[in-house]
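Here is what each chain is made of, one letter per residue.
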Amino acid sequence: VQTLLFLLSAFTVGLAGIAAHKKLKNWTIGLFLFTLALGIIFTAFMFNDLSRLMAGGNDWRQSAFLSIYFTLIGTFAIHVLFALLWIIVILIPVFI
């Protein structure tokens, strides 16, 4: 499910870019908002997985694998959160 959400959001943000380039305001807003919703759902799934992993007693200090895993997922989570914020920043001039 997470992979499908991620791939669909990559597709919709591409469509939103095309709509913005063609100056289709309603399509641009709709597609960026849909991408934002997909990103929020994806982030919720990701944090749910991390919280279940940590509730199971796993920690980044237990093994090299978990250390790398938590670092990679944490870095990716920051990337996704910045992307969600960037969508909001992009939408501000479109609304104006």
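Here, residues in each chain are numbered from 1, in the same order as that chain's written sequence. The predicted nature of this model means local features are confined to residues of pLDDT at least 70 and side-chain atom pairs, given and counted, to a pLDDT of 80 or more, with totals for whole chains, interfaces and linings taken over all residues. Note that the side-chain values use all heavy atoms of the structure and ignore hydrogens as well as water.

A. Spatial organisation of the layout of surface pockets. Each pocket or cavity is described by its volume, and for the largest pocket that value is around 230 Å³. The way it works is that DSSP assigns letters per residue, a run of H or I at least four long becomes a helix, a run of E at least two long becomes a strand, and they are numbered from the N terminus. Looking at the lining of the largest pocket, the elements that each hand over two or more residues are helix 1 (2–21), helix 2 (25–55) and helix 3 (64–95). Element by element, the count of residues in the lining of the largest pocket is highest for helix 3, at five residues. For this classification, Asp, Glu, Lys and Arg are treated as charged, while Ala, Val, Leu, Ile, Met, Phe, Trp, Tyr, Cys and Pro are nonpolar and the rest, including Gly, are polar. Of the residues contributing to the lining of the largest pocket, the split by class is eight nonpolar, four polar and no charged. Buriedness of a pocket was judged along seven lines, with at least five required to meet protein on both sides within 12 Å; pockets are open sets of points on a 1 Å grid over the protein atoms alone, cavities are sets where a 1.4 Å probe fits but cannot get out, and lining residues have an atom within 4 Å of a point. Grid points are joined across faces, edges and corners, and a volume is the space filled by probe spheres set on the points.

B. Representation of the packing of aromatic side chains. Classification of ring pairs rests on two measures: the distance between centres of Phe, Tyr or Trp rings, Trp counted by its six-membered ring, which must be within 6.5 Å, and the angle between planes, read as stacked under 30 degrees, edge-to-face over 60 and tilted in between. Under the counting rule described, the total for this entry stands at five aromatic pairs. For the pair Phe-6 and Phe-42, a centre-to-centre distance of 5.6 Å together with 35 degrees between the ring planes defines the contact as tilted. In this pair, Phe-6 is assigned in helix 1 and Phe-42 in helix 2, connecting sequence segments 36 residues apart. A residue is classified by how much of its surface remains accessible, and Phe-42, at 9% relative accessible area, is buried. Their ring planes at 80 degrees and their centres at 5.9 Å tell us that Tyr-69 and Phe-70 sit as a pair that is edge-to-face. Only protein chains enter the area calculation, which uses a 1.4 Å probe; residues under 20% of their type maximum are buried, those over 50% are exposed, and those in between are partly exposed. Residue Tyr-69 is classed as partly exposed on the basis of its relative accessible area, which comes to 27%. One aromatic cluster is present, formed by Phe-6, Phe-42 and Phe-76 through successive ring pairs.

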